[in-house]
Amino acid sequence: QFNLNALTVRAVVAHATAETDADNAPLSHDRLWDACLANTRPRLDLLAQRIEPKATWDDIVLPPDAEEPLRQIAAQVAQRHRVYDEWGFRERHSRGLGISALFSGESGTGKTMAAEVLANELRLNLYRIDLSAVVSKYIGETEKNLRRLFAAAEESAAVLFFDEADALFGKRSEVKDAHDRYANVETSYLLQRLEETNGLAILATNLRQNLDEAFTRRLHYIVEFPQPAVAERRRIWSQIWPDKTPCAADIDLDFLAERLEITGGVIRNAALRAAFLAAANGGCVNMTHVVTAVQGEYRKMGRLLFEQDLGPYAHLLQ
């Protein structure tokens, strides 16, 4: 899983041994794994934003046709040593040993959380790369940025999460000048590195229709994240508050799920806002706090929450 040189291996063993000596525990696989993660973070920390993966399979709410490919991705990463090395596939495949996936869906439908779930399941570091920041207007700089990024990622087996993939994977334009030609070269270079890397690379986009189909065909997985249906929204509402959060019995989860067609991200933001409103009032979260919070989230999206949307709870509108 990790591509480490001899110097880093010594540092990993010293790190793990020092921790086991401190608490008189045996040197275990888990200790060595954690030491590998800790010793391969510094280089990537300078190039991308590390996300602490906390979400699990129980936290993410998706329809079966979206969750199943995620589980296949996790299985492929976990079992690649057996398939490529023990079963001989590495001898027949000189390229394409890396795993690349495209997560497509509107903002708030769970793309980042899914990346967290995979990193958590595989016990790997997760790094978010904003491609709009990596892409440079100066010729050759984008490739240099990507080269540094992948070189650091190859030793750490990190999960790379490329946000706003359409910034680089947009439909190729007709080559009219040098900038058009180099823009296509940058895209081809990224695809080449995705195929050569040993880890898992995830590209996320809100606008799949803007991506060039020639590029998406070269990805191993494409996972669509749809807007949650009523049943899924009900599950999200029911598990959105931690067990320690005091909630009143008047929170009508069925009504919220049926009448408010919003994404899981909006529900999460509304629940957090409602919790702060309740904490400021010194009480528990109730339906008034939730409606006020949802109204605030609607305003953020440039939408209006009308009385007819809330039916019997319309009187709670601010």
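Let me begin by describing the structure that accompanies this report. The structure displayed is predicted, hence computed values, not measured ones. (Residues numbered from 1 in each chain as written. Predicted model: local features only at pLDDT ≥ 70, side-chain atom pairs only at ≥ 80, totals over all residues. Heavy atoms only, no water.)

Looking at the environment of Pro53
Cut-off, in case you're wondering: Numbering goes from the N terminus for both helices and strands, where a helix is a DSSP run of H or I of at least four residues and a strand is a run of E of at least two. In this description, contact between two residues means that some pair of their heavy atoms is separated by no more than 4.5 Å.
Note on placement: Pro53 falls in the loop between β1 (49–51) and α3 (64–86). C-alpha separation for the pair Pro53 and Ala119, spaced 66 residues apart in sequence, amounts to 6.3 Å. Setting aside anything within four residues of it in sequence, one finds Pro53 in contact with Glu116, Ala119, Asn120 and Leu124.

Some details on the environment of Ile240
Put simply, the test is: Using a 1.4 Å probe on the protein chains alone, a residue whose accessible area is under 20% of its type maximum counts as buried, one over 50% counts as exposed, and one in between counts as partly exposed.
Structurally, Ile240 can be placed in the loop between α11 (230–239) and α12 (253–259). For Ile240, a relative accessible area of 22% gives the class partly exposed. Distance in space between the C-alpha atoms of Ile240 and Leu272 is 8.8 Å, their sequence separation being 32 residues. Those residues in contact with Ile240, other than ones at most four positions away along the chain, are Ile267, Arg268 and Ala271.

Structural notes on the packing of α3 against helix α5 (residues 111–122)
The test is simple: Lines fitted to C-alpha atoms define the axes here, with helix axes fitted over just the stretch in contact, and angles between the N-to-C directions of these axes take values from 0 to 180 degrees. Crossings are classed by handedness, with left-handed meaning an anticlockwise turn of the near helix from the far one by less than a right angle and right-handed meaning a clockwise turn.
Between α3 and α5, whose axes approach to 10 Å, the crossing angle comes to 35 degrees. Pair α3 / α5 crosses with right-handed handedness. Along its contact with α3, which presents Leu70, Ile73, Ala74, Val77 and Ala78, the element α5 presents Ala114, Leu118, Glu121 and Leu122.

Some words on the pattern of salt bridges
Note the cut-off: The term salt bridge refers to a side-chain nitrogen of Lys or Arg lying within 4 Å of a carboxyl oxygen of Asp or Glu.
For the structure on display, the rule yields ten salt bridges. For the salt bridge of Glu67 with Arg71, the shortest nitrogen-to-oxygen distance reads 3.0 Å. Highlighted residues: Glu67 and Arg71, both in helix α3, separated by four residues, approximately one helical turn. Among the residues examined, Arg71 registers a relative accessible area of 36% and is labelled partly exposed. Salt-bridge contacts for Arg273 lead to Glu297; the nearest nitrogen and oxygen are separated by 3.2 Å. Placement of Arg273 in helix α13 (residues 264–281) and of Glu297 in helix α14 (residues 287–300) is noted, with a sequence separation of 24 residues between them. Arg273 sits in the partly exposed class, given a relative accessible area of 32%. One connected set of salt bridges, linked through shared partners, spans Glu19, Asp23 and Arg31.

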